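# Working through the structure, step by step
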Amino acid sequence: MEENINSFIEVSGTIAFAISGSFAAMRKRLDPFGVLIIAFVTSVGGGTIRDLLLGHTPVMWLRTTTTPLLILGATLVSMALRRHTKHLERPLLLFDSLGLGLFTIVGLELASRFGIHPGLCVALGTVTGCFGGVLRDTFLNDIPVVFRQEIYASASILGGLLYYGLHAFPVAAPWARLAAVGFIFLFRLLVVRYKLSLPRFYE
Amino acid sequence: MEENINSFIEVSGTIAFAISGSFAAMRKRLDPFGVLIIAFVTSVGGGTIRDLLLGHTPVMWLRTTTTPLLILGATLVSMALRRHTKHLERPLLLFDSLGLGLFTIVGLELASRFGIHPGLCVALGTVTGCFGGVLRDTFLNDIPVVFRQEIYASASILGGLLYYGLHAFPVAAPWARLAAVGFIFLFRLLVVRYKLSLPRFYE
Amino acid sequence: MEENINSFIEVSGTIAFAISGSFAAMRKRLDPFGVLIIAFVTSVGGGTIRDLLLGHTPVMWLRTTTTPLLILGATLVSMALRRHTKHLERPLLLFDSLGLGLFTIVGLELASRFGIHPGLCVALGTVTGCFGGVLRDTFLNDIPVVFRQEIYASASILGGLLYYGLHAFPVAAPWARLAAVGFIFLFRLLVVRYKLSLPRFYE
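This one's a predicted model, so the numbers in the text were calculated from it and none came from an experiment.

### Comments concerning the UniProt feature "domain: Glycine transporter" (unreviewed entry) in chain A
In the numbering adopted here, UniProt assigns the feature "domain: Glycine transporter" (unreviewed entry) to residues 9-81 and 94-167 of chain A. The span residues 9-81 of chain A shows a helical share of 84% and a strand share of 0%, and its end C-alpha atoms are spaced 24 Å apart.

### Digging into the relation of the copies chain A and chain C
Superposing chain A onto chain C requires a rotation of 120° together with a translation of 0.0 Å along the rotation axis, leaving an RMSD of 0.0 Å. Within this description, the copies of the chain are treated as partners about a three-fold rotation axis. Comparing interface residues between copies, only 9% of those in chain A also lie at the interface in chain C; the contact surfaces differ.

### A few points about the confidence of the model for chain A
All names here are of chain A. Summing up the model confidence of chain A, the mean pLDDT is 81 and the portion of residues at 70 or higher is 85%. The least confident element of chain A is helix α9 (residues 198-202), whose mean pLDDT is 31; the most confident is helix α4 (residues 66-80), at 91. Of the regions scoring below 50 in pLDDT, residues 143-147 engages in 11 contacts with residues more than four places distant in sequence or in other chains. Counted against residues more than four places away or in other chains, residues 196-203, with its pLDDT under 50, gives 20 contacts.

### Considering the side chain of C:S20
All names here are of chain C. Note on placement: S20 falls in helix α1 (residues 2-27). Of note is the side chain of S20, whose polar atom sits 2.7 Å from the side chain of R136. Those residues in contact with S20 that lie beyond four places of it in its chain are T42, L92, D96 and R136.

### Observations regarding the interface of chain A and chain C
Every contact between the two is made by 22 residues of chain A and, on the other side, 21 residues of chain C. When the two sides are added together, the surface that chain A and chain C hide from each other amounts to roughly 1,800 Å², 76% of it contributed by carbon and sulfur. Taken together, the connections running from chain A to chain C amount to zero salt bridges. In this structure, the connection of chain A to chain C is made through one residue pair in polar contact (both at pLDDT 80 or more). Elements that contribute at least two residues to the side of chain A that touches chain C include exactly α2 (32-54), α6 (118-140) and α7 (145-166) of chain A. Among the elements that make up the side of chain A that touches chain C, the one with the highest residue count is α7(A) (nine residues). The residue makeup of the side of chain A that touches chain C, split by class, is 15 nonpolar, five polar and two charged.

### As for the packing of aromatic side chains
For the structure shown, the criterion picks out 12 aromatic pairs over all chains. Summarising the aromatic geometry, the rings of A:F40 and A:W61 are spaced 4.8 Å apart at their centres and angled 85° between planes, so their arrangement reads as edge-to-face. In this pair, A:F40 is assigned in helix α2 and A:W61 in helix α3 (residues 60-63), connecting sequence segments 21 residues apart. Arranged with centres 5.5 Å apart and planes meeting at 90°, the rings of B:Y163 and B:Y164 form a pair that is edge-to-face. The class for B:Y163 is buried, based on a relative accessible area of 6%. Among the residues examined, B:Y164 registers a relative accessible area of 25% and is labelled partly exposed.

### Focus: the state of the cysteines
Two cysteines form a disulfide when their sulfur atoms are joined by a covalent bond. By the definition in use, this model includes zero disulfides over all chains. In this model B:C130 remains outside any disulfide bridge; the closest cysteine sulfur is found in B:C121, 15 Å from its own.

Parameters and conventions
- Residues numbered from 1 in each chain as written.
- Chains lettered and ligands numbered in written order.
- Predicted model: local features only at pLDDT ≥ 70, side-chain atom pairs only at ≥ 80, totals over all residues.
- Heavy atoms only, no water.
- UniProt positions renumbered as here; feature names shortened; annotations may be inferred.
- Helix = DSSP H or I, 4+ residues; strand = E, 2+ residues; numbered from the N terminus.
- Least-squares fit on C-alpha atoms with pLDDT ≥ 70 in both.
- Contact = heavy atoms within 4.5 Å.
- pLDDT = per-residue confidence, 0-100.
- Polar contact = N/O pair within 3.5 Å; in protein donor to acceptor, adjacent residues only side chain to side chain.
- Buried area = accessible area lost by both parts, 1.4 Å probe.
- Salt bridge = Lys/Arg side-chain N within 4 Å of Asp/Glu carboxyl O.
- Nonpolar A, V, L, I, M, F, W, Y, C, P; charged D, E, K, R; others polar.
- Phe/Tyr/Trp six-rings, centres within 6.5 Å; stacked < 30°, edge-to-face > 60°.
- Buried < 20%, exposed > 50% of the residue type's maximum accessible area, 1.4 Å probe, protein only.
- Disulfide = S-S within 2.5 Å.

Structure (structure tokens):
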């Protein structure tokens, strides 16, 4: 059951980030292969860096074809919606924020299963959640990468601290997880909305 | 014999990418050490990322001094031809495309020896072939890195699929390898030529 | 005793690079979390890449909380001095150069304990010393990253060669280490001073 929840979270995050990467790549008018590469990097980048830091190799997406197939499917669907990217700024942000929250907690929990110190689990959760997007922006050569990255980092770190903070209270793990994912999701949305800086992010 | 062919391919690709990296670095007027670093990153970058993803460590270029010495030699020869870089746009492109084809197949075959799924072997071959150039451009701060990267990716993926496609027919491994390397080499040349975008690539 | 010297060097380098990263991030007006992330990347980036290449995982900063706490402390102190960054260009350069020298030799000596060839130990020392700064600049999107990086590389490589060169003479390890660190520190300072290019570096 625990495992089912984890795989559900991982699947959702993988799809969310693959869509987010596809849209970002299509905005840069990459050809289909370029879009697929960026979707892949965005989706598995953070978890790959986490696995490398832990010495957990071959990295997760080499151990099964599920993840690559999910990314391929999500990318094809995104390409089918290609013409509508102009109207898809909000969905892109939503998927991006959802993937951030999901992957942060997946990474945090994997690290804690490796016996890493909680404070460092928060750091690894942040890496898992943020670095797919960081690699996406680096490869797409988006100038203000650091600003989005900084928002990512702040949301992930706070969400990770919230996750551990809730353990000080009688909160069941699934609820702590849900609360942390929801917090990161909403925090990221509010920061972007408040700064009114989404356009600068993707042009 | 198999091993000899593999090491010959690996040596050729190492030299090809070292020369490609040296020329790109000299165009940016780096000092000799800077040129050597870029040549090194370009040459071993893709294979290093492949080894890290597979958990195949210490990475290949730490296990022997052959690769570093080949890169050093290729870099010195490139520096000796420094004054002629203006006239060396075509050779640079040729070496770059040759290295792309050679490394893609080397990476694909190493991954398959690790029991990785064929579709993922194509992905790892692409990583092996592309990411040396991606790292070179990232460090040299070439603005349109993603466009060249996208061409790289497309050529590598198609070449990798061709390699496996040929196994559906009675084609001996060496010939499948040769066909895939040749395809990637020519595909990359044609795309660049067709887009008439080489100048934008290196200025 | 040997260990004490090594940990002292590692601690000094960690603090030096964390301060250097914090100042660079504050110049880009990142929020506190963004500053912490950049300080962390700058401080552990080089050693992390070294550990990954050697297969020395989980990487060093996941094995203890000392390093992360040192970075957190150094970052908070740097933030407390936030208003004075205008007057802190020289300290920033000094810390940066000190960290470069310290980490280069730490990385070189760890690699040699792994039985890596001396020439490659110099390369790994260079990676350890340089790549924290390279990652910092990449994430901060500093345009002339490659120029600073090139100076880093030149200073580290020469310092590493000096370290091994001194072993040809009856020089005790601690003194060879001290000489190499000092050489890298001064070489980097002189190159920046001579090129009068510090302002371009940090604006």
